[in-house]
Structure formats: structure tokens, C-alpha cells
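Coordinates in review
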Amino acid sequence: MTTANFTNIGAGTIGPSSASAACTSQIELTLSCQNLLNCDVMSKSDPFCIVQMREPWQSNYFEVGRTEMIDDNLNPEWVKKFIVNYNFETIQKIRFEVWDKDVSGGDDFLGEYETTAAEIVSFNGRQFRGKLKNKRSSNAGHIVIVTEEVSSCKEIVQMAFRSKNLARTCFLFRNDPFLVFSRSNEDGSFSVVLKSEVVKSTQNAQWKPMTIKGRTLCNGDNDRTIKIDCYDSRSDGDHKLIGTCQTSLRTLKMGVGEDNQYRLRKNPKSKEHTGLLELINITVTEEVSFLDYIRGGTQMHFAVAIDFTASNGSPMDPQSLHFMSSEPNSYELALRSVGEIVQSYDSSQLYPAFGFGAKLPPTGNVSHQFPLNNNPSHPFCINIQEIMNHYRNTLSRVQLFGPTNFAPVILNTVEIARQYQDGKHYFVLLIITDGIISDMHATIRAIIHAAKLPISIIIVGVGNADFSAMDELDGDDTRLNLDGVYAERDIVQFVPLNRFLAQRGSFVRSQADLAKAVLAEIPDQMTGFMNSKGYKPQPVPITEGVPSAPMG
């Protein structure tokens, strides 16, 4: 769930704050902390950092991403990166909140730091250091922010290592070794970019292949120093260094052999070897982009599902999200704003549009998926205005009811997408809702099924309801699972519409920001699916007929 001007490095980049704002450069942020407060009694804090931002026209901060949680560590170095489109002419306020993860659910606040993108970028040095504030303590530690302009390198590096004869850090037990990769900064410091898994109880480990983007590993500089630390994992977070070595991507590209056999040492000046680290496989490929697929003829298909449940309020009530007047209501704002964004990507120019959660005439039965145009055999609209017209007509003929069930419309998309698994089609389901979901388990199960197919789901939340359930569905930080069954990939993007509304709420304050937030994750979700299935973009667009009912 990375929106507004930031995103994690694996999910693409979101653009400038308005249509007219020109992006000066893309800046990568690497975060770490020093001397955090300890909120645990029997161990150390388990910190994670939430990144928030606020544009000049916004009154509140909004979360735009968070790091991974690190166990038992008061000096965490997070792997997850963030990218900001730095605009010289825009005041981009940023707030970093550091929390201690509590398994009981009540996370402990460790401290916060508020600044601007300009202040970080203009700092004379690569490591910007800010003092964390916490009302309970005057010494809450510091946050360290390393910034670097992002290169256009498109290389993807996959590499695998093994160790031999690692020195024991404890006489009684074998090591539980893992690797930490860090890239050098211009000031001589290092920033963590990758960690391997822990291999249990061995001095001769073989780690699973690790994949990383070239711009993350070394920002496209083949000669940049890469440090590899080998640690013995400890349950209390006090991992013991076994040994370290240094290399570069240029050296790694030489492949298996003596050039990539490294003697580990506790420090560079030590003559004592603490084991051998060997590269056993490396492949470097060119990253395939979203545009490569689109230009190669991959077709995008969009469908819309609108919430007609009673929790929205009666259409005759001015406080209702469905209130019908001369001014557009929240659903119409979402439909027009989002629809104008996505319609240019759908080459079929046919948009199936559904409602759910209403009682339909003449029977009065509740339906969790009904066509807005009242034509079950052909539920398509030719443009956004037609969807808007059918939406208003539907409000006048149905009774808002409930419950709010997402699973039926998701499963309908699943059944259609199952027929088009050839790498030439990708389906996007747009759900507009007030956020009060009733069938959470069934919805999670449906999303897990959908994650195996060429599908993405965009959920636009309207109104001021508690959207925490939507955050659960948006699996950016925790992979969605139910009863131990995990989604193969993250396919849900949640966007709260209120974030982009003007103060009086009658129009979208920043259409450009909304566009980027809505579509932020679609490119990587699509390319991730295509890569996982081995589908390559076609070099020349394929001329073929569009399915007569791709989303019906």
C-alpha cells in the first residue's frame, strides 16, 4: 500500500505532486536508527519504521509505506528502500515514526522525526541524522537517512553462495549462518541492501538463490564496493559476526571460479581466516518493463464494482455517500477520476460495470453482483459517462441493503481470467466501497485464488469509515494468508479517496496524484505475474480480436 509520492523500491515509483510539477530527480531513501528506546522487558525492541508524507494542500499526514520489522535490535538497519520524486519547487513534508512491534497487538511508540525532502537532499553529506522525539524520554535515539539519486540501470542479478569451514562463534554449538550484503556510500559508510535466509546448524551452508535489482545492489555502478558479512544468528538479536569480505558487481559477473572465492576475516586488517565464501551461480538479465508488454500487444481489461449497501446512507440523505444532487457524490468522484485514468489502457473500450449489496426489483432479492445496465448477458459500458448514467439509474431503482460481500465479484473475475492465461491479457478489477466489509474470510480466499491468475484488484475507499480491513487485504508488508495458505503475490492496491479531495470535498484536488496512487502497483504486479509464468513480451504487437466478453 504505497501511495502518494513514495513507494518501496520493488513496486515502481510514483510521480510528482501535481500535473504541472516537474520531477527534478528520483531519490532513494535508506533508513536505519541508532540507540532506540527499549520497550521490552526480557529482550530488546523489535523496531519498524512508518514513512508518512503531507503535501502543502493536505491537512493530515498519510502513510505511504513501512519497513520490515527487525527482531531484538536497538540499532536497526532496514533493507526496504523508498523512492521519492524530489521536486525542487514543492514542499514535501516527511515524517518517520519508529515503533516496537508487539505480538499482543499494541505496538509501542519509540519516536518520530519530521522534516522535508528538501532538507534531506540539501544536507551536506550522504547520511542525514535526525533526533527522534518521544514525550516519555528526552533520549529516544536517532534516525539515519541515506539518500542517493536513482540510476536507470535495468539489470536483475540472481546469485547463490555457499560457505566452507566457518569458524564457530560458540564452542558447544554449530553456527546458524546468514549473509548481509551492503553497498558503499560516498562517505565510506555502508547501507544494507539484501539479507539471505538463516541456514540452521552448519559450518558449510548453502543459501537459496537471491534476486536483487542492479540499481539496488550498486546503483548501476559495476565497480562500487559491495560488502558481504556472514553472521551467526542469535534468537536475542545479538548476531555474532563470523567474517566479512568485499567484492563488486564487475567481479561477481566473472562467475564461478577463483575470482569469486572469498576468505572471510573478522576485520580487513586481520590475518586470521574465519571461513570461505564461494559464489556458486550468478545470472544477470535485463529487467522487462510494463511498457514492453503493453507495446508488445498485452491487453488490459478493466471492470468496475460499486458498493450499494445500506451503510452508505440513503441517496436522499445529504450525508450519504450516494446522495444525488447537482454536485457529484463520492462514488461519482471516484468513478470519474479513476475511470478517466484507466480507460486509456483498455483497448477493448468495453467496461463491465456491476453493483453489489442491493435488493433488486421486482423480487426484492439481495444480489452481490448485478449489472448496472440491467443486462446480464452484456454488462458492458462503452465509456465512463455511460457507467455514470447507469449508476444514477441504478440508485433510483434498487434498495440499498447488504451485507458488503466482495468475494462474488472477485470470483467472477477469477473465472474469466482463468480462460486467458496466455500472457496476452491482464485483468484489473476496480471496487469502490465505503469500507465496511462483511465476508473477510471469503474475500481473502478469493484473493488468494486470484493471485495465481493475471489479475490485479484496486479498492478505492470513499467516506471516513475505518479502512483497517482494507489495509489487511493490501499485502505490501505481510503476505495475505488464510489458514496457512498464502497468496502467491500481492495483487491488491487500496487507495482512500479522501486523501485527494479538496477541503469542501466536491472535486479531486490532485488528479495526477490520484492517478499515480491508483495505478502505482499495477505495472509491477503485471510484470511480476508474467515473469513468474515465463511469459515474454512480444517484439511486435499481435493483431487479434478482443474477446467478445472478456469480463462478463
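Residues numbered from 1 in each chain as written. Predicted model: local features only at pLDDT ≥ 70, side-chain atom pairs only at ≥ 80, totals over all residues. Heavy atoms only, no water.

The next point concerns the overall build of the protein chain. Looking only at helices and strands, the protein chain has 11 helices and 29 strands in total. Here the protein chain holds 552 residues, and the buried ones make up 55% of them. In the protein chain, once contacts between residues fewer than 6 apart in sequence are set aside, the share between residues at least 24 apart is 71%. Total accessible area computed for the protein chain in this model is approximately 24200 Å², and 49% of it derives from carbon and sulfur atoms. (Helix = DSSP H or I, 4+ residues; strand = E, 2+ residues; numbered from the N terminus. Buried < 20%, exposed > 50% of the residue type's maximum accessible area, 1.4 Å probe, protein only. Contact = heavy atoms within 4.5 Å. Areas by Shrake-Rupley, 256 points an atom, 1.4 Å probe, with all protein chains shown as cover.)

A few words on the confidence of the model for the protein chain. Should pLDDT be low for a region, the predicted coordinates there are not to be read in detail. With 89% of its residues at a pLDDT of 70 or more, the protein chain has an overall mean of 85. Counted against residues more than four places away or in other chains, residues 1–23, with its pLDDT under 50, gives 102 contacts. Every residue in residues 541–549 scores below 50 in pLDDT, and together they form 17 contacts with partners more than four places removed in sequence or on other chains. (pLDDT = per-residue confidence, 0-100.)

So, about the sheet that holds strand β6 (residues 93–100). Across the sheet, which stays open at both edges, the four strands sit in the order β4-β3-β6-β7 with antiparallel pairing between neighbours. Where the open sheet ends on each side, the last strands, each with one partner, are β4 (62–66) and β7 (108–116). This sheet shows a mean twist of 25° between the axes of neighbouring strands, independent of strand direction. Of the strand pairs in this sheet, strand β3 (residues 47–54) and β6 are connected by eight bridges, and their pairing is antiparallel. Bridge assignment links Cys 49 to a residue of β6, and that residue is Val 98. (Pairing = 2+ DSSP bridges. Axes fitted to C-alpha atoms, helices over the stretch in contact; angles between N-to-C directions.)

Where the residue is not glycine, phi is negative for most of them; where a peptide bond is considered, it is trans in most cases. Backbone torsion omega between Pro 361 and Pro 362 reads 0°, so that peptide bond is classified as cis. In this fold, Pro 362 is placed in the loop between β20 (358–360) and β21 (365–367). Of the consecutive residues Gly 402 and Pro 403, the connecting peptide bond is found in the cis state with omega at 0°. Structurally, the position occupied by Pro 403 is in the loop between β24 (399–400) and α7 (407–417).

Moving on, we come to the side chain of Asn 373. When you line up the elements, Asn 373 lands in the loop between β22 (370–371) and β23 (380–381). Engagement of the side chain of Asn 373 in a polar contact is seen with the backbone nitrogen of Asn 375, the distance being 2.9 Å. A polar side-chain atom of Asn 373 sits 2.8 Å from the main-chain carbonyl oxygen of His 378. When residues no more than four places from it in sequence are discounted, the contact partners of Asn 373 are His 378, Pro 379, Phe 380 and His 390. (Polar contact = N/O pair within 3.5 Å; in protein donor to acceptor, adjacent residues only side chain to side chain.)

Right, let's get into the packing of helix α5 (residues 330–342) against helix α6 (residues 384–397). The packing of two helices is summarised by the inter-axis angle and the distance between the axes. As a packed pair, α5 and α6 sit with axes 10 Å apart at the nearest point and diverge in direction by 160°. As judged from the angle between their axes, α5 and α6 are roughly antiparallel. The crossing of α5 and α6 is right-handed. Along the contact surface, α5 presents Tyr 331, Glu 332, Leu 335, Arg 336, Gly 339 and Glu 340, while α6 presents Ile 384, Gln 385, Ile 387, Met 388, Tyr 391 and Arg 392. In terms of residue class, the contact of α5 with α6 is built from six nonpolar, two polar and four charged. (Parallel < 35°, antiparallel > 145°, perpendicular 65-115°, else oblique. Left-handed = near helix turned anticlockwise from the far one by under 90°. Nonpolar A, V, L, I, M, F, W, Y, C, P; charged D, E, K, R; others polar.)

Inspection of helix α8 (residues 440–450) places Met 440, Thr 443, Ile 444, Ala 446, Ile 447, Ile 448 and Ala 450 among the buried residues, and these make up the whole buried set. Along its buried surface, α8 packs onto α7, β26 (455–461), α9 (468–473), β27 (481–482), β28 (485–486) and β29 (492–496).

Within the structure shown, the criterion is met by 12 aromatic pairs. Taking 5.6 Å as the distance between ring centres and 50° as the angle between the ring planes, the aromatic pair formed by Phe 161 and Phe 181 counts as tilted. In this pair, Phe 161 is assigned in strand β10 (residues 155–164) and Phe 181 in strand β11 (residues 177–184), connecting sequence segments 20 residues apart. Grouping residues by exposure puts Phe 161 and Phe 181 together as buried. The aromatic ring of Tyr 61 is capped on one face by Arg 54, whose charged end is 5.3 Å from the ring centroid. (Phe/Tyr/Trp six-rings, centres within 6.5 Å; stacked < 30°, edge-to-face > 60°. Lys NZ or Arg CZ within 6 Å of the ring centre and 35° of its normal.)

With that out of the way, let us pick up the sheet that holds β24. Strands sit in the order β21-β20-β24 across an open sheet of three strands; the sheet is antiparallel. Looking at which strands have only one partner, the edges of the open sheet turn out to be β21 and β24. The pairing of β20 with β24 spans two bridges and is classified as antiparallel. Counted as the bridge partner of Lys 359 is Gln 399 from β24.

This paragraph deals with the pattern of salt bridges. Scanning the model with the defined rule gives 17 salt bridges in all. Close ionic contact of Glu 148 with Arg 183 constitutes a salt bridge, the shortest N to O distance being 3.7 Å. Of this pair, Glu 148 sits in strand β9 (residues 142–149) while Arg 183 is found in strand β11, placing the two residues 35 residues apart along the sequence. Classification of Arg 183 as buried rests on a relative accessible area of 2%. Ionic contacts of the salt-bridge type, sharing partners, join the residues Glu 28, Glu 148, Arg 183 and Arg 224 into one network. (Salt bridge = Lys/Arg side-chain N within 4 Å of Asp/Glu carboxyl O.)

Along the chain, the position of Thr 67 falls in the loop between β4 and β5 (82–86). With relative accessibility at 4%, the residue Thr 67 sits in the buried group. For Thr 67, the side chain forms a polar contact with the side chain of Trp 78, separated by 3.3 Å.

Our next topic: the packing of α7 against α8. The geometry of α7 relative to α8 is characterised by a closest axis approach of 9 Å and an angle of 15° between their N-to-C directions. When the axis of α7 is compared with that of α8, the two are roughly parallel. Of the two possible hands of crossing, α7 and α8 adopt the one that is left-handed. Facing Ala 407, Ile 410, Leu 411 and Val 414 of α7, the residues of α8 in contact are Ala 442, Thr 443, Ala 446, Ile 447 and Ala 450. Considering only residue class, the contact of α7 with α8 consists of eight nonpolar, one polar and no charged.

Compared with an ideal rise of 1.5 Å per residue, which puts 13 residues at 18 Å, α5 spans 18 Å between its outermost C-alpha atoms and is within 8% of the ideal. Of all 13 residues making up α5, 11 are buried, and the element is well covered by its neighbours. All of the buried residues along α5 are Ser 330, Tyr 331, Glu 332, Leu 333, Ala 334, Leu 335, Ser 337, Val 338, Gly 339, Ile 341 and Val 342. The distance from a side-chain oxygen at the start of α5 to the backbone nitrogen of Tyr 331 is 3.0 Å, and the residue carrying that oxygen is Asn 329. (Expected span 1.5 Å × (residues − 1).)

Considering the arrangement of structural elements, one finds Glu 197 in the loop between β12 (190–195) and β13 (210–213). The partly exposed category is assigned to Glu 197, whose relative accessible area is 26%. Setting aside residues no more than four positions away along its own chain, Glu 197 makes contact with Pro 177, Phe 178, Gln 206, Trp 207 and Lys 208. Polar contacts involving the side chain of Glu 197 include one to the main-chain amide nitrogen of Lys 208, which spans 3.0 Å.

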